[in-house]
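Take a look at the letters that make up each chain.
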Amino acid sequence: MNKININGIETDQILLTPTRGYKDKHYHIVFIPGNPGTIYFYQYFLEYLHNIIEKQYNNVAITISSIGHANHHLKSNNEDINRNYQKFGMNYQIRHQEMYIEELILKECADDQIKEYILIGHSIGCYFILNILKRNMNISLHTRRICLLMPFMFWGNLPLLHRIALRSIVSTIPYSINTMKWYITTRFMNLNEYEKKQMITGRNSSNNSNNSNNNSVASPENVHVMATELITPRLIDNLFTMGIDEIKTIPIVENEVLENIEEYLNINGNFGTNGVKINRNKNRNMNPINVATNSNSMYVLYTDDDRWAPVEDIPFLQNTFGLLKLDQSPQCMNEKSYIQYTTGLTHGFSMNKNTSEITAYNILSYLSNSGLDMSPISPQHISLMSKL
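Predicted model only: the values in this text are computed from it and were never measured.

### Here we look at the overall build of the protein
Broken down by element type, the protein carries 14 helices and 9 strands. A sequence separation of at least 24 residues applies to 78% of the contacts in the protein between residues at least 6 apart. Looking at the protein as shown, the accessible area adds up to about 16700 Å², and 48% of this sits on carbon and sulfur atoms.

### Things to note about unusual backbone geometry
Cis geometry marks the peptide bond from Asn-35 to Pro-36, where omega comes out at 10°. Structurally, Pro-36 is set in the loop between β3 (25-32) and α1 (43-56). One non-glycine residue, Asn-7, lies in positive phi territory at about 55°. By the secondary structure assignment, Asn-7 is in the loop between β1 (2-6) and β2 (9-16). In this structure, Asn-71 is a non-glycine residue whose phi angle is positive, near 65°.

### Some points on the pairing of strand β4 (residues 60-67)
Summarising burial for β4: 8 of the 8 residues are buried, a large majority. Burial along β4 is two-sided: Val-60, Ile-62, Ile-64 and Ser-66 and Ala-61, Thr-63, Ser-65 and Ile-67, pointing in opposite directions, are all buried. Bridge analysis of β2 against β4 gives 4 bridges, and the strand direction is antiparallel. Within β4, the residue paired with Leu-16 across the bridge is Ile-64. For β3 and β4, the ladder comprises 7 bridges, and the chain directions are parallel. In the strand pairing of β4, Tyr-27 is matched with Ile-62. Following the backbone out of β3, through α1 and into the adjacent parallel β4, one traces a crossover that is right-handed.

### Details of α1
With 14 residues, α1 should reach 20 Å at 1.5 Å per residue; the first-to-last C-alpha distance of 20 Å fits that figure. For α1, the full list of buried residues reads Gln-43, Phe-45, Leu-46, Tyr-48, Leu-49, His-50, Ile-52, Ile-53 and Glu-54. The inward-facing, buried residues of α1 abut β2, β3, β4, β5 (116-122), β6 (143-149) and α13 (353-368).

### Concerning the pattern of salt bridges
Applying the stated criterion to the full structure yields 6 salt bridges. Lys-3 is the salt-bridge partner of Asp-12, the closest N and O atoms lying 2.6 Å from each other. What makes Asp-12 buried here is its relative accessible area of 6%. Of the charged contacts, one joins Arg-144 and Glu-116 as a salt bridge, the two residues approaching to 2.8 Å between their closest N and O atoms.

### Details of the environment of Asn-131
Relative to the elements of secondary structure, Asn-131 occurs in helix α3 (residues 124-135). Residues within four places of Asn-131 in sequence aside, it is in contact with Ile-94, Glu-256 and Asn-260.

### A closer look at the nonpolar core
Counting residues in hydrophobic clusters, the biggest one holds 88 residues, and the most contacted among them are Ile-29, Leu-49, Ile-120, Tyr-127, Leu-149 and Ile-363. Ignoring anything within four residues of it in the chain, the contact list for Ile-363 reads Phe-45, Leu-49, Ile-120, Cys-147, Leu-149 and Tyr-299.

### Looking at the packing of aromatic side chains
For the coordinates displayed, the defined rule picks out 13 aromatic pairs. Measuring from ring centre to ring centre gives 5.8 Å for Phe-31 and Phe-45, while their planes differ by 65°; the resulting arrangement is edge-to-face. Linking Phe-31 in strand β3 with Phe-45 in helix α1, this pair joins segments that are 14 residues apart in sequence. This pair shows no difference in class: Phe-31 is buried, exactly as Phe-45 is.

### Quick look at the confidence of the model for the protein
Mean pLDDT over the protein works out to 76, with 66% of the residues at or above the 70 mark. Under a pLDDT of 50 for its full length, residues 203-213 has, in the predicted model, 17 contacts with residues more than four places off or in other chains. Counting contacts from residues 376-388, a segment whose pLDDT is below 50, to residues more than four positions away or on other chains yields 23 contacts.

### Brief notes about the pairing of strand β7 (residues 297-302)
The side chains of a regular strand alternate, first on one face of the sheet and then on the other. Among the 6 residues in β7, 6 count as buried, and that is most of the element. Because side chains alternate across β7, one face comprises the buried residues Ser-297, Tyr-299 and Leu-301, and the other comprises Met-298, Val-300 and Tyr-302, equally buried. With 5 bridges joining them, β6 and β7 adopt parallel strand pairing. Considered in β7, the bridge of Leu-148 is made with Val-300. As defined by bridge partners, β7 adjoins strand β9 (residues 338-341) across 4 bridges and the pair is classed as parallel. Within β9, the residue paired with Val-300 across the bridge is Ile-339.

### Description of the side chain of Glu-246
Relative to the assigned elements, Glu-246 resides in helix α9 (residues 233-249). Sequence-distant contacts of Glu-246, defined by excluding residues within four places in its chain, comprise Asn-35, Met-90, Ile-124, Phe-152 and Pro-251.

Each value, and the rule that gives it
Residues numbered from 1 in each chain as written. Predicted model: local features only at pLDDT ≥ 70, side-chain atom pairs only at ≥ 80, totals over all residues. Heavy atoms only, no water. Helix = DSSP H or I, 4+ residues; strand = E, 2+ residues; numbered from the N terminus. Contact = heavy atoms within 4.5 Å. Areas by Shrake-Rupley, 256 points an atom, 1.4 Å probe, with all protein chains shown as cover. Buried < 20%, exposed > 50% of the residue type's maximum accessible area, 1.4 Å probe, protein only. Pairing = 2+ DSSP bridges. Right-handed = clockwise from strand over helix to strand, strands pointing away. Expected span 1.5 Å × (residues − 1). Salt bridge = Lys/Arg side-chain N within 4 Å of Asp/Glu carboxyl O. Core = buried A, V, L, I, M, F, W, Y, C linked by side-chain atoms within 4.5 Å. Phe/Tyr/Trp six-rings, centres within 6.5 Å; stacked < 30°, edge-to-face > 60°. pLDDT = per-residue confidence, 0-100.

In structure tokens, the structure reads:
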């Protein structure tokens, strides 16, 4: 992980380049994280995805890159946690990611390196992707595939109590944020590392290590980083600023999100184009072949017991776009756009190595069968997928 400058803002970056020479095709996967917007927690997932593509597909070269949200980086060794810092809302964070992708395209296309991009988002990062593709024609023209992992995009399907809790946060955070920063500075920062880990995990940190294979438990490495490098007034302040914007925005952008998907998949005449509001209860019964024959495609991943991306989104997307639903592990498919429902993951999948690996293989299987110029899945890959 290294640091780069985006519009004057120092930003953490993960950049994974091909280890082999130029192949038949060279794709660039750009990953946009969800909250807390710190890409360290996705590093193992992205490295694993890069590694399995490199090992199993000889005809393609893959670059994977990602940046964190502005001012959501881990604490620097010499950082003064009490110094003044900038706060950025969600609109700026979207623009922050957009400027990064613009710079990539400008540089790589000028060097005649990479022409095709794959955008992967997690949680609110999925909304970022659709927003960027809608308003930036150049990025849209260079994007071949999008993967939406547990997308936080549709307010109406969230559990009622979760919506109520989020609404209450919006109304109380402006008055409590200074108290929260004070608490972090005077309480959390003065704890020793063991006590911090106990507070983060809600359990004895040694038990957390012993149960690291549990999919719902963060790895000891991630707990250590949260305890020692993540929680600072700067990041908490920026996280709250963006979080308030999210909770205010998502309830009113459902039609915008659907129209953005429609435009990306090039599905014409079904909604939005005539200014007609979406009827959530209307079954559109679109023929899935309308999606499968378009040059662009979309993959959406859901899991069970996810308050931010509930499974109720699945029939909504099925009825609206005719997307196929694929349970459990993906097999070889001809259709290029589909929804996958896999049990046993968590919304914070990247905090755990096992769920990171499962998610990486799910994405790889989609990309392999979505019409990209990649070799067929190897027998070893199919055998491994059958065990997930």
